[in-house]
Each structure stands twice: as structure tokens, then as C-alpha cells.
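What follows is the residue order along each chain.
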Amino acid sequence: MTDAQIIDGKTLSEALRAEVAAEVAELRRAHGLQPGLAVVLVGQDAASEIYVRAKGEHSRAAGMHSVTHRLPADASQHELLALVADLNADPLIHGILVQLPLPKGLDERQVLAAIDPDKDVDGLHVVNAGRLASGQPALTPCTPLGCMIMLRETLGDLGGRRAVVVGRSVLVGRPVAQLLLQADCTVTIAHSRTRDLQAVCREADILVAAVGRPRMIKASWIKPGATVIDVGINRVPFDDPEKAAQGKTKVVGDVAFKEALGVAGHITPVPGGVGLMTVACLLKNTVTAAKRIAGIED
Ligand code: NAP
């Protein structure tokens, strides 16, 4: 069997960002509407800094109004909620994203619940989770949305396919399973208590891995020709003992990529796959939110 085709996150995310930029330009021209994204960063977590900078740069590059609010690590719950309330009321802002995780002492759930669901571009408000679960138009978490765009670009119509999602988190597993169901797949959600996980995975035409365990899914778990979407981002030591001894690490997915290449039909790499779609989908969600708030048809 020949090697699987790589689903290229770089090409697909660039195309999506270009599509969003064109839509922003058209909204500005035809409606005088500039979609606005506000990102809130509390504290100085190094990884969060990188993500927040990327979100600001990409939203500006797409022609959006973009603001970043930085609060100190010792900001109070009250201060954070007051900022969210201001952004909810700000007519120039259509998307609000509070970068997670929040520093210890802040109540994440209460903050997410305070965001106007119609501006909740991370899709984590229970109202959006409920809308998604009941098949109503929702703002959907960005990574699951990215997975679906990759699948549609690769396979076209997904109807009738067997899909297995490994992982049931609110951020990835559950929403991606809901989206696959909406796309008429027959969906199984697997998790840490699933019996004979390998056999369950082997039934999948579409296998989505969102576990957070490096290279857990082996080639023998994959149905020949299946489409594999690897959401995992795991830091592991380099295979090269010299580099490993220096404490250097690299990023790998939840799928044993090299061996999976010989069995899968299509597969996303890590890095270079799903991760690149996430920010592009945040921009897409911001445009969707702006259009819905302004009453412009999708
Ligand atoms: P999470 O909240 O830790 O959830 C992990 C899920 O995997 C849980 O449902 C857990 O089951 C299940 N699981 C753990 N060990 C398992 C095992 N041995 N067998 C079967 N299922 C197992 O993680 P997450 O937030 O969903 O993230 C998953 C991965 O995606 C992580 O590597 C994360 O870094 C990555 N991620 C990537 C992006 C991106 O942009 N590409 C975005 C978000 C997350 P239980 O529920 O039974 O505990």
C-alpha cells in the first residue's frame, strides 16, 4: 500500500485566512462593518503570550479591528468580569476571547459564563454548547471547526461514514463529535474507560484523536484507507539521545505518525496540521459573529 496523503494544515489555513480577509473587505465595503476581536490575557504565561500575539497579528492582517487587553496575574475576578462586561457592551467588538488557562484564584467557569454568547468566538459558553448539541446555529470551538474544514476539503460529503472520536473534552472531543453528527456521520465517542479501544478505532472511516498522549494510536488501530485527524499536541524528548540529554523537546501528536502513514488514506501531521487551523477558525468565527449581530445573512 502507498503512503497516506498528508492533509496540509499550512495550505488549508492560509486559504481560510485569505477567504476571511476577502469577506472582511466585502463587509467593510458593502455594510461599513469591520469585524472586531478582543483578546484578554491575564498574567504572563509564556505559551499564552505566543498564542495571543498570533491572534492579534492574524486578525489585523485579515483587516479586522483587533484589541488585546492585558491584566496583571494578580487581577481580581471582579476586574476581569468588569472588563468582559465592557467588551459585551462595546459595539466595535464582535468576538471576545479570554485566553485560558487563567491564573490560579480566578474562576474560569464564571468568566466564560459572563461572555455574551453571541460574541463567544471560542465557543465555550454553555449556551453555544447547547445550541450545537441541539443542532441550532452556534459559535463552535475553533479546533473542532478546523477539523471539520480539513475533513470536508479532503473527503467532500461526510454523510454515512463511521467516525470515531477519541477524547470527550468540552474543548475538542465533544464538539467535534457533535459536528460530525451534524454532517451525518455515525459517531462513536471513545475515552479512557472505553473497552477494547483498538477495535473501536479500527471501525473508523474517520478517526479523530484528541487525547493528549504522545503517539498512543498505533498503525494496527487504523482501518486501511481511513482519514486520520490528529489533534494532539504533546512535548516529548528528542529521539536523538544527545539532544534529549540537553533537555531539548519536540512536538508530536496522539498518533504514531510514521507507522500510520503506511495504513491511513489521509492523515494530518503534527506540527503542520490541525494546530494551524485553530487561529484561522477564530477569525472565521469572528466574522460569523459580526454578521449575525448585524443581521447579515450567512
Ligand atoms: P483533555 O481535556 O485532557 O481530554 C483528553 C481526553 O482524552 C479525555 O476525554 C480522556 O478521557 C481521553 N483519554 C485520556 N487518556 C486516554 C486513553 N488512554 N485512552 C482513551 N482516552 C483517553 O484534552 P483536550 O483539551 O481535549 O486536548 C487533547 C489534545 O489536543 C492535547 O494534546 C491538546 O494539547 C491538544 N489540543 C490541540 C489543539 C490544537 O489547536 N491543535 C487545541 C486544543 C487541544 P476521560 O474523559 O475518560 O478522562
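The structure displayed is predicted, hence computed values, not measured ones. Residue numbers run consecutively from 1 along every chain, following the written order of its sequence. Note on the predicted model: pLDDT of at least 70 is required for a residue's local features to be given, and 80 or more for side-chain atom pairs to be given and counted; whole-chain, interface and lining totals, by contrast, use all residues. With hydrogens and water stripped out, all remaining heavy atoms of the structure feed into the side-chain values.

Visitor: Would you mind showing me how to read helix α1 (residues 9-31) here?
Guide: Along an α-helix, a turn takes 3.6 residues, which lines up residues three or four apart on a common side. The end-to-end C-alpha distance of α1, which contains 23 residues, comes to 32 Å, matching closely the 33 Å that a straight helix rising 1.5 Å per residue would cover. Using a 1.4 Å probe on the protein chains alone, a residue whose accessible area is under 20% of its type maximum counts as buried, one over 50% counts as exposed, and one in between counts as partly exposed. Here a strand is any run of E in DSSP of at least two residues, a helix any run of H or I of at least four, and the numbering for each starts at the N terminus. Listed as buried for α1 are G9, L12, S13, L16, V20, V24 and L27. In this analysis, two residues are considered to be in contact whenever any of their non-hydrogen atoms come within 4.5 Å of each other. Against α6 (142-155) and α11 (274-294) lie the buried residues of α1. Residues adjacent in sequence count toward polar contacts only when both atoms are side-chain atoms; beyond that, a polar contact is any pair of N or O atoms within 3.5 Å, and within protein one must be able to donate a hydrogen and the other to accept it. The opening residue of α1, the one whose side-chain oxygen lies 3.0 Å from the backbone nitrogen of K10, is D8. Under the convention used throughout, the expected extent of a helix is 1.5 Å for every residue step, that is, one less than its residue count.

Visitor: Just checking my understanding: could you explain the nonpolar core for this structure?
Guide: Generally speaking, nonpolar side chains in soluble globular proteins are found buried as a group. For our purposes a nonpolar core is just a set of buried Ala, Val, Leu, Ile, Met, Phe, Trp, Tyr and Cys residues, chained together by side-chain atoms within 4.5 Å. Ranked by size, the top nonpolar core spans 49 residues in total, and within it V20, L158, L180, I206, V208 and I229 carry the most contacts. Elements with a minimum of two residues in this core: α1, β2 (36-42), α6, β5 (162-166), α7 (173-182), β7 (206-209) and α11. Ranked by residue count, the leading element in this core is α11, at nine residues. Mapping this core onto the domain boundaries places at least three of its residues in each of domain 1 (31-116) and domain 2 (142-277). Residue contacts for I206: discarding those within four places in its chain leaves L151, L155, L158, R161, R162, A163, V164, L180, C185 and T227. Core analysis: the second largest hydrophobic core is formed by 23 residues, A190, I217, A219 and V255 among them. Where each domain begins and ends follows an automated or database-derived domain assignment.

Visitor: I tried to follow the site of the ligand on my own but got confused; where do I start?
Guide: Near, as used in this document, describes a residue that has one of its heavy atoms within 4 Å of the molecule or strand being considered. Not every one of the 22 residues close to the ligand is listed here, only the nearest: R168, S169, S192, R213 and T278. T278 is positioned such that a nitrogen or oxygen atom in its side chain is 2.8 Å from an oxygen atom of the ligand. Protein coverage of the free-state accessible area of the ligand, which is 930 Å², stands at 71%. The leading source of residues in the shell around the ligand is α11, at three residues. Any residue outside Ala, Val, Leu, Ile, Met, Phe, Trp, Tyr, Cys, Pro, Asp, Glu, Lys and Arg is labelled polar, Gly included; the first ten of those are nonpolar and the last four are charged. Its residues placed into classes, the shell around the ligand shows 10 nonpolar, 10 polar and two charged. Under the convention used here, a 1.4 Å probe and the Shrake-Rupley method define accessible areas, while residue burial counts only the protein chains that appear.

Visitor: What is the right way to look at the packing of aromatic side chains in this model?
Guide: Geometrically, a pair of aromatic rings is defined through the distance of the ring centres and the angle of the planes. Stacked, tilted and edge-to-face pairs are distinguished by plane angle, under 30 degrees for stacked and over 60 for edge-to-face with tilted covering the rest, among Phe, Tyr and Trp rings (Trp via its six-membered ring) whose centres lie within 6.5 Å. Taken as a whole and judged by the stated rule, the model has zero aromatic pairs. For a Lys NZ or an Arg CZ to count as sitting over a ring, it must be within 6 Å of the ring centre and within 35 degrees of the ring normal. Positioned above the aromatic ring of F238, the side-chain terminus of K243 is 4.7 Å from the ring centre.

Visitor: Help me understand the sheet that holds β7, please; the structure alone is not making it clear to me.
Guide: Sheet strands pair via backbone hydrogen bonds, and the direction of the pair is either parallel or antiparallel. On the basis of which strands lie adjacent, the open sheet formed by six strands has the order β1-β11-β8-β7-β5-β6 and parallel pairing. Looking at the sheet topology across the chains shown, the edges are occupied by β1 (5-6) and β6 (186-190). Two strands are said to pair when DSSP picks up at least two bridges between them. With four bridges connecting them, β7 and strand β8 (residues 227-230) associate as parallel partners. If you follow V208 over to β8, its bridge partner there is I229. In this fold α7 packs onto β5, β6 and β7, with an angle of close to 170° to the strand it touches most, β5. Between N-to-C directions, angles cover 0 to 180 degrees, with each direction set by a line fitted to C-alpha atoms, over the stretch in contact for helices.

Spatial relationships are all this shows, so hold off on functional conclusions.
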